[in-house]
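Listed below, chain by chain, are the residues.
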Amino acid sequence: MVNSEVSKNPRGKNSLTAVRGGDRTRTILIQVGVAAVLIALIAAIGISIAVKQSDKNDVGPVPSIAAQPAAPDAVTASITDKGEIKIGKPGAKADIHVVADLQCPACKMFEGANGKAIEDAVNSGAASVRYNIIAFLDNASGGTRYSTRGANAAYCVAESDPTKFLPWLSSMYEQQPPENGTGLPDEQIVQIAQAAGYTDPAVAECITSVKYDKYIQKVTKDVMNSGIQSTPTVYVNDKQIKSSQELMQPDGLRSAIAAAAQ
C-alpha cells in the first residue's frame, strides 16, 4: 500500500524529472565547454602555423636592379629569381655561372686567375656572368659574419651600378681577410666600395645596415640544398668546370669561354 502511494506521489515524479533535467543541463554545459576548448585549440594551431609560415616566407628586402637601356653594346645587369647577380650584354652566347663566398681562399685564387678573362668576355659581349655570392663561411670570421656582410655588399653595389661590379669584386678579393680572423670591418668594406666608384651614401647605408641579411640566408640555403658542396663552383654553358688548371691557372678559363661563345 505504501509502495503504491509512493509510486503515485507527484513529487517523486517531479524530483526525478528535475534530476534528469539537471543531468541534461550539465551534459550541455560540458559539451559547450569541450567545444569551446576545441575551437580555441584549433585557433591556436592555426595561428601557430600562420606565424611559422610567415617566418618561413620572411626574406626581408629583396635586391633589384633598375631597368637599363638595352643598347646593343651596353653592359646590363639583373638579379635573377635565384639571387644571382647577372651581368653581360644582350645576345652573349656564353653563360658563366660562379658560386662563391668572399671569405673563401680558393675563390680568391679563382678570381685572381680568371677575373680578367671573365671581365674581358663580358665587356666584349662574348659572355654574361652570373655570380651567386653566398655566405656559408660565417663561422670562419671570428663571429663577425664576414661572409654575410660581404655578400650583402655585393647586392648593395650591384643594384647601385652593375657596370662597376666586376672591378669591385676583384678589389674585395684582393683585400680578403684571413680565415678564422675577424673579417673586414664595415668601414673598410665601405671604403673598398667608394674606391670602386660607389660614392652614393645609400650604398654605405646598405652595407652597414646589412640590408639583405635575411635574403642572403635564404639564397645560401637554396644554393647548398641544390647540391653545391664547395666554392668556387663554376659552370660554363651549364657544364661544370672541374679542372684545377682551368680554375686556378692564369687565364685558365679563357679557352672554355671562347669555345662556349662560338
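Under an unreviewed UniProt entry, the protein has the name Thioredoxin domain-containing protein and belongs to Nocardia vermiculata. Its UniProt record gives the protein the following Sequence similarities (unreviewed entry) comment, quoted word for word: "Belongs to the thioredoxin family. DsbA subfamily."

With respect to the helices, strands and loops of the structure, Ser141 is situated in the loop between strand 4 (127–133) and helix 4 (146–160). Within the structure, Ser141 has its side chain in polar contact with the backbone nitrogen of Tyr146 (distance 3.0 Å). Contact partners of Ser141, with chain neighbours within four places excluded, come to Gln103, Tyr146, Asn180, Gly181, Thr182 and Gly183.

On to the sheet that holds strand 5 (residues 233–236). A sheet is described by the order of its strands in space; here 6 strands give the open sequence 1-2-4-3-5-6, paired in mixed fashion. Only two strands of the sheet have a single partner each, and these edge strands are strand 1 (76–79) and strand 6 (239–240). Sheet topology note: the strand 5/strand 6 ladder contains 2 bridges and is antiparallel. Across the sheet, residue Val236 finds its bridge partner in strand 6, namely Lys239. Running at roughly 145° to strand 4, helix 3 (residues 105–124) makes contact with strand 2 (85–88), strand 3 (94–100), strand 4 and strand 5 of the sheet.

Under the defined criterion, the tally for this structure stands at 10 salt bridges. Lys116 is the partner of Asp120 in a salt bridge, and the nearest nitrogen-oxygen pair spans 2.8 Å. Pair noted here: Asp120 and Lys116 are both in helix 3, with a separation of 4 residues, about one helical turn. Lys164 is paired through a salt bridge with Asp161; the nearest N and O atoms lie 2.4 Å apart. One continuous salt-bridge network, built from bridges that share partners, spans Lys116, Asp120, Asp251 and Arg254.

All right, on to the environment of Ala113 then. The topology assignment puts Ala113 in helix 3. Each C-alpha atom, one on Ala113 and one on Leu253, is 8.5 Å from the other, the two residues being 140 residues apart in sequence. For Ala113, the residues in contact, after removing those within four places along its chain, are Leu247, Met248, Gln249, Pro250 and Asp251.

Definitions and cut-offs
Residues numbered from 1 in each chain as written. Predicted model: local features only at pLDDT ≥ 70, side-chain atom pairs only at ≥ 80, totals over all residues. Heavy atoms only, no water. UniProt positions renumbered as here; feature names shortened; annotations may be inferred. Helix = DSSP H or I, 4+ residues; strand = E, 2+ residues; numbered from the N terminus. Polar contact = N/O pair within 3.5 Å; in protein donor to acceptor, adjacent residues only side chain to side chain. Contact = heavy atoms within 4.5 Å. Pairing = 2+ DSSP bridges. Axes fitted to C-alpha atoms, helices over the stretch in contact; angles between N-to-C directions. Salt bridge = Lys/Arg side-chain N within 4 Å of Asp/Glu carboxyl O.

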